[in-house]
Amino acid sequence: MTRTISKGRLWTARVMSGIAILFMLLDSIMKLFKPAFVVDSTVSLGYQEHHILLMGILGLLSTILYALPRSTILGAVVLTGYFGGVIATQVRLDAPLFSTILFPVYLAVLVWGGLWLRNEQVRKIFSFQK
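Residues numbered from 1 in each chain as written. Predicted model: local features only at pLDDT ≥ 70, side-chain atom pairs only at ≥ 80, totals over all residues. Heavy atoms only, no water.

Trainee: I'd love a proper account of the packing of aromatic side chains, names of residues and values included.
Mentor: Going through the model one piece at a time under the given rule, you end up with two aromatic pairs. An angle of 65 degrees between the planes, with centres 5.2 Å apart, marks the rings of Phe-23 and Phe-103 as edge-to-face. Of this pair, Phe-23 sits in helix H1 (residues 7-33) while Phe-103 sits in helix H6 (residues 103-118), and the two are 80 residues apart along the sequence. Seen from their ring centres, Trp-112 and Phe-126 are 5.6 Å apart, and the 75 degrees between their planes marks the pair as edge-to-face. Here the residue Trp-112 occupies a position in helix H6, and Phe-126 occupies one in the segment after helix H7 (120-125), the gap between them amounting to 14 residues. Look at Phe-126 and you get partly exposed, because its relative accessible area is 44%. Sitting above the plane of the Trp-11 ring, Arg-14 keeps its charged end 4.8 Å from the centroid. (Phe/Tyr/Trp six-rings, centres within 6.5 Å; stacked < 30°, edge-to-face > 60°. Helix = DSSP H or I, 4+ residues; strand = E, 2+ residues; numbered from the N terminus. Buried < 20%, exposed > 50% of the residue type's maximum accessible area, 1.4 Å probe, protein only. Lys NZ or Arg CZ within 6 Å of the ring centre and 35° of its normal.)

In short, the description is geometric, and any link to function would need to be established separately.
The structure is reproduced here in structure tokens:
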């Protein structure tokens with residue numbers, strides 16, 4: 001038994017998920033092509049240059065899993081793990097809280113919020129009822 005959701009709710013979910021997907025695609029593709037500013041900023045975070053390609057591949061695979069309807073929940077879980085690594089890196093560097101450390105949390109809210117709005121299974125799992 002599936003329920004239909006309103007057009008407004010569906011479009012809100014698509015926009016939320018789309019923003020997160022577009023950001024992660026841009027981030028991952030930039031890591032794959034490794035322009036100088038990406039290399040410089042990643043090295044300044046404490047990673048070596050040879051790690052950039054692996055991070056780009058992992059980010060891209062996670063994003064693709066999230067973007068595909070059949071694997072969207074798995075993608076959201078893997079992206080959440082990826083975002084956790086970003087948070088840990090920023091905390092280690094004592095970065096500003098709201099603009100830098102919490103930015104992956106904002107992305108996670110878009111990922112899970114978009115999924116919650118459009119997926120009844122996720123709403124059942126993360127229900128606010130007793």
